[in-house]
Amino acid sequence: MPLHMNSYQTIKVRFQEPCCYLQLYRPENNNSINSLMISECYDVLLQCERNITILILEGLPDIFCMGADLSQIESLSASSLYDLWYKLATGPYITIAHVHGKANAGGIGFVAACDMVIAGANASFSLSELLLGVLPACVMPFLIGKVGLHRARYLALTTRPVMVQTACEWGMVDAYAANDGALLHTHLLRLKNLSKTAISAFKSYTKDLYDLKAVRQMAVTTSEKAFRDDDNRSNIDRYVKTGLLPWQH
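In this text, all values refer to a predicted model and were calculated from it rather than measured experimentally.

Considerations on the pairing of strand β3 (residues 54–58)
Of all the 5 residues making up β3, 4 are buried; the element is thus mostly covered by neighbouring parts of the structure. Across 5 bridges, strand β2 (residues 19–24) lies against β3 in parallel orientation. Across the sheet, cysteine 20 pairs through a bridge with leucine 55, a residue of β3. Assessed by its sense of winding, the connection that carries the chain from β2 through helix α1 (residues 35–48) to β3 is right-handed. With 5 bridges joining them, β3 and strand β5 (residues 94–99) adopt parallel strand pairing. Looking at the pairing, leucine 55 lines up with threonine 95 of β5.

Laid out in structure tokens, this is it:
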């Protein structure tokens, strides 16, 4: 049992071997991503490598994750966030996103990086970045692996949420139900029978079938360039202060 598991500020963690339950927990900030959340999540993933076979990633009842904390965008590292999602996608454990409510922007990165997605009936999924002129560059490689290029483009360009039924039809969500807790439990009963050795070997093999590392630099560089753009920064600052999008007065 990790000695410092209770010291986290942006997440809640519960180890119940062979499972780890990791909850994104910034309720006062719509569960948005900041640099501390990235480092704390990464720390938990490292701790899971030895004994954990299943990692369950959760959010809040109405908001899974709304994406980057735009008020702290200066300190947010695209490379660190990409590396966190890469660890979720390729680490030696099964990763399950258990989604309630809204998953938006970088929240979709968490969803797309996980091996499985179990959702509640109230779940919705959106990419809002283009509304502010920035790009979901780091999300796209993971999302394309889930839904394909065409669907990923559609989500990015429309910026509109899709409900869980549609997300399931597209392959972003694997299963959903009103009683999603029972649905998750049913999956865990089966998954807990798999050995750590088999899971590690399978994840190691599949990471080379779809090479997320090959596009890392392009994704990170494109993301950083978009967020450094003066007009985009102005749009973000205005949105943080007023809640208004660029075309709104």
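Remarks on the sheet that holds strand β6 (residues 102–104)
Within the open sheet, the 4 strands sit side by side as β4-β6-β8-β9. Their pairing is mixed. Edge positions in the sheet fall to β4 (63–65) and β9 (162–163), since each has one partner strand and no second. Alignment of strand β8 (residues 124–126) against β9, held across 2 bridges, turns out to be antiparallel. If you follow serine 124 over to β9, its bridge partner there is methionine 163.

Regarding the packing of helix α2 (residues 78–90) against helix α8 (residues 216–228)
The angle between the axes and the distance between the axes are what describe a pair of packed helices. It is at 9 Å that the axes of α2 and α8 come closest, and there the two elements cross at 140°. The angle between α2 and α8 falls in the class oblique. At the point where α2 passes α8, the crossing takes the right-handed sense. Across from Ala78, Ser79, Tyr82 and Asp83 in α2, the residues of α8 making contact are Arg216, Ala219, Val220, Ser223 and Glu224. In the contact of α2 with α8, the residues fall into 4 nonpolar, 2 polar and 3 charged.

Points about the nonpolar core
Among the nonpolar cores identified, the biggest contains 68 residues, and Val99, Phe110, Phe125 and Leu143 are the most heavily contacted of them. Ranked by residues supplied to this core, first place goes to α2 with 8 residues. Excluding residues within four positions of it along the chain, phenylalanine 110 makes contact with Leu24, Ile33, Leu57, Phe64, Cys65, Leu84, Trp85 and Leu88.

Quick notes on the packing of aromatic side chains
Here a ring pair, both rings aromatic, is described through the centre-centre distance and the interplanar angle of the planes. This model, assessed by the stated rule, comprises 4 aromatic pairs. Here the aromatic rings of tyrosine 82 and phenylalanine 142 are separated by 4.9 Å at their centres, their planes lie at 55°, and the arrangement is tilted. Of the two residues, tyrosine 82 sits in helix α2 while phenylalanine 142 sits in helix α4 (residues 140–158), which places them 60 residues apart along the sequence. The buried category is assigned to phenylalanine 142, whose relative accessible area is 3%. Between tyrosine 154 and tryptophan 170, the ring centres sit 5.8 Å apart and the planes meet at 90°, which makes this aromatic pair edge-to-face. Highlighted residues: tyrosine 154 in helix α4 and tryptophan 170 in helix α5 (residues 164–170), separated in sequence by 16 residues. Classification of tryptophan 170 as buried rests on a relative accessible area of 14%.

Looking at the environment of alanine 137
Tracing the backbone through its elements, the reader meets alanine 137 in the loop between β8 and α4. Taking the C-alpha atoms as reference points, alanine 137 and threonine 222, 85 residues apart in sequence, are found 6.2 Å from one another. With near-sequence residues (within four places) excluded, alanine 137 lies in contact with Ala219, Thr222 and Ser223.

Quick notes on helix α7 (residues 196–206)
Listed in full, the buried residues belonging to α7 are Lys196, Ile199 and Lys203. Across the axial projection of α7, the buried residues extend over an arc of 65°, all falling on one side. Set apart from the buried face of α7 by more than 90 degrees, the exposed residues are Thr197, Phe202 and Tyr205. Elements in contact with the buried residues of α7: α1, α2 and β5.

What counts, and where the lines are drawn
- Residues numbered from 1 in each chain as written.
- Predicted model: local features only at pLDDT ≥ 70, side-chain atom pairs only at ≥ 80, totals over all residues.
- Heavy atoms only, no water.
- Buried < 20%, exposed > 50% of the residue type's maximum accessible area, 1.4 Å probe, protein only.
- Helix = DSSP H or I, 4+ residues; strand = E, 2+ residues; numbered from the N terminus.
- Pairing = 2+ DSSP bridges.
- Right-handed = clockwise from strand over helix to strand, strands pointing away.
- Axes fitted to C-alpha atoms, helices over the stretch in contact; angles between N-to-C directions.
- Parallel < 35°, antiparallel > 145°, perpendicular 65-115°, else oblique.
- Left-handed = near helix turned anticlockwise from the far one by under 90°.
- Contact = heavy atoms within 4.5 Å.
- Nonpolar A, V, L, I, M, F, W, Y, C, P; charged D, E, K, R; others polar.
- Core = buried A, V, L, I, M, F, W, Y, C linked by side-chain atoms within 4.5 Å.
- Phe/Tyr/Trp six-rings, centres within 6.5 Å; stacked < 30°, edge-to-face > 60°.
- Arc of directions from axis to C-beta.

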